[in-house]
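Fold and contact review
What follows is each chain in one-letter form.
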Amino acid sequence: MLSKVVVGAWHVPPLFFAAARFAIVLAATLPWLWPMPRPAWRIVLVGALMGGGNFALLFLGLQTASPSSAAVVLQAGVPITTLLSILILGERIHWRRGVGITLTLAGVLLVVWRPGFAVSAGLLLVLSAAFAGSLGAILMKQMEHVAPLRFQAWVGLTAVVPLSLASALFEHDQWTASVAAGWPFVASLLFSALIVSVCAHTLYYGLIARYEATLLAPLTLMTPLTTIGLGVLITGDRLDLRMIAGAVLALIGVLIVAVRPSRAPIVEAQEHA
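Fair warning: this is a prediction, and the values are worked out from it, not measured in the lab. (Residues numbered from 1 in each chain as written. Predicted model: local features only at pLDDT ≥ 70, side-chain atom pairs only at ≥ 80, totals over all residues. Heavy atoms only, no water.)

**Notes on the nonpolar core**
Heads up, the rule is: The set of buried Ala, Val, Leu, Ile, Met, Phe, Trp, Tyr and Cys residues whose side-chain atoms join them within 4.5 Å is what this entry labels a nonpolar core. Throughout, exposure labels follow a simple rule: accessible area from a 1.4 Å probe, protein chains only, divided by the maximum for the residue type, with under 20% read as buried, over 50% as exposed, and the rest as partly exposed. Helix numbering and strand numbering both begin at the N terminus, where a helix is a DSSP run of H or I of at least 4 residues and a strand a DSSP run of E of at least 2.
In this structure, Phe 17, Phe 22, Val 46, Phe 59, Phe 151, Leu 163 and Phe 185 are the most contacted members of the largest nonpolar core, which totals 47 residues. Broken down by secondary-structure element, the contributors of at least two residues to this core are helix H1 (2-9), helix H2 (14-29), helix H3 (40-62), helix H4 (67-73), helix H7 (121-141), helix H8 (148-170) and helix H10 (183-210).

Next comes the structure, spelled out in structure tokens:
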């Protein structure tokens, strides 16, 4: 929701916003940067996917996509992670997980696909962001003994450099838009970097290591529900029957995939962080 306001209402260039966010994340976690996790190529690739790739695509998509629809489409990350774990890690899929994946993807498709067989470009970018984060999580699963704050530091480092270069090459009037937005933009930037990325994500990693996935997974479903509600109240998102049906299908599918006796690949990946 906050990111939508920054790139949509205040017109701050999305790549610049992402670069500034990860610059703050890197500065806050710099003491944990060394020693570098091994293998080096994997931590760089994982950081690039889960940092620069994920957030750059998300912020670009939010320029045109509504927060409500983006929140639903992002739920595709859970079944995408499961499918990638089957393809890359050789894990097997149970019939119930297959049903959950099918329902989630059907719900996301219902939200993304517009009447007249047109596909929302913004939501395709959001879907690509979910894929980048899922692929990064699968690759992270193959790494061991990386502390959450060290992982955050390397996400910041691997994201800020390419995002800064991309912003310099493809965007303009970054500072003008930022200054025009004023202190609300500064506050939003600090909140998204320090509270969301550094504090909330690190805390979530700790909870994953301490509690069962069946306890935490249902709680994560509050995020899209809250975003949809705030989108209707704050940014005036239009909540039609197609949006409601897609959201219900996607959330039911995610719940089926996430709440099961065995742990989800994304959970296992975060436990290794």
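On we go.
**Here's the deal with the side chain of Thr 158**
Basically, it comes down to this: Pairs of N or O atoms within 3.5 Å make up the polar contacts considered here, provided that, within protein, one atom can donate a hydrogen while the other can accept it, and that residues adjacent in sequence are counted only when both atoms are side-chain atoms. Contacts were defined at the residue level, with two residues in contact if any of their heavy atoms lie within 4.5 Å.
One can find Thr 158 in helix H8. Residue classification places Thr 158 among the buried positions, given a relative accessible area of 10%. Reaching out from Thr 158, the side chain makes a polar contact with the backbone oxygen of Val 155 at a distance of 3.3 Å. What Thr 158 contacts, discounting residues up to four positions off in sequence, is Ile 43, Val 44, Gly 47 and Ala 48.

**Examining the side chain of Gln 174**
Structurally, Gln 174 can be placed in helix H9 (residues 174-181). If we ignore the near neighbours within four places in the chain, the residues touching Gln 174 are Pro 13, Phe 16, Ser 167 and Ala 168.

**Examining the packing of H2 against H8**
Put simply, the test is: As a rule, the C-alpha atoms of each element are fitted with a line to give its axis, helices using only the stretch in contact, and angles between N-to-C directions run from 0 to 180 degrees. Here a crossing is called left-handed whenever its near helix is offset anticlockwise from the far helix by less than a right angle, and right-handed whenever the offset is clockwise.
With their axes 7 Å apart at the nearest point, H2 and H8 run at an angle of 145° to one another. Considering how the two elements wind past one another, H2 and H8 form a crossing that is left-handed. On H8, the residues touching Leu 15, Phe 16, Ala 18, Ala 19, Phe 22, Ala 23, Val 25, Leu 26 and Thr 29 of H2 are Leu 149, Gln 152, Ala 153, Val 155, Gly 156, Leu 157, Ala 159, Val 160, Leu 163, Ser 164, Ala 166 and Ser 167.

**Let's talk about H3**
For clarity, the threshold we go by: To estimate the expected span of a helix, subtract one from its residue number and multiply by 1.5 Å. We define the bend at each residue as the angle formed by axes fitted to the 7 residues ending at it and the 7 residues starting at it.
Look at H3: 32 Å from first C-alpha to last across 23 residues, which is about the 33 Å you get at 1.5 Å a residue. Maximal helix bending in H3 amounts to about 35°, located at Ala 48.

**Comments concerning the packing of H3 against H7**
How we decide: Here the angle decides the label: under 35 degrees means roughly parallel, over 145 means roughly antiparallel, 65 to 115 means roughly perpendicular, and every other value means oblique. Residue polarity follows a fixed list, in which Ala, Val, Leu, Ile, Met, Phe, Trp, Tyr, Cys and Pro are nonpolar, Asp, Glu, Lys and Arg are charged, and the others, Gly among them, are polar.
As a packed pair, H3 and H7 sit with axes 8 Å apart at the nearest point and diverge in direction by 165°. When the interaxial angle is binned, H3 and H7 end up roughly antiparallel. Of the two possible hands of crossing, H3 and H7 adopt the one that is left-handed. When the residues that make up the contact of H3 with H7 are grouped by side-chain class, the tally is 16 nonpolar, 7 polar and 1 charged.

**Notes on the environment of Ala 147**
Along the chain, Ala 147 turns up in the loop between H7 and H8. Judged by relative accessible area, Ala 147 falls into the partly exposed class, the value being 32%.

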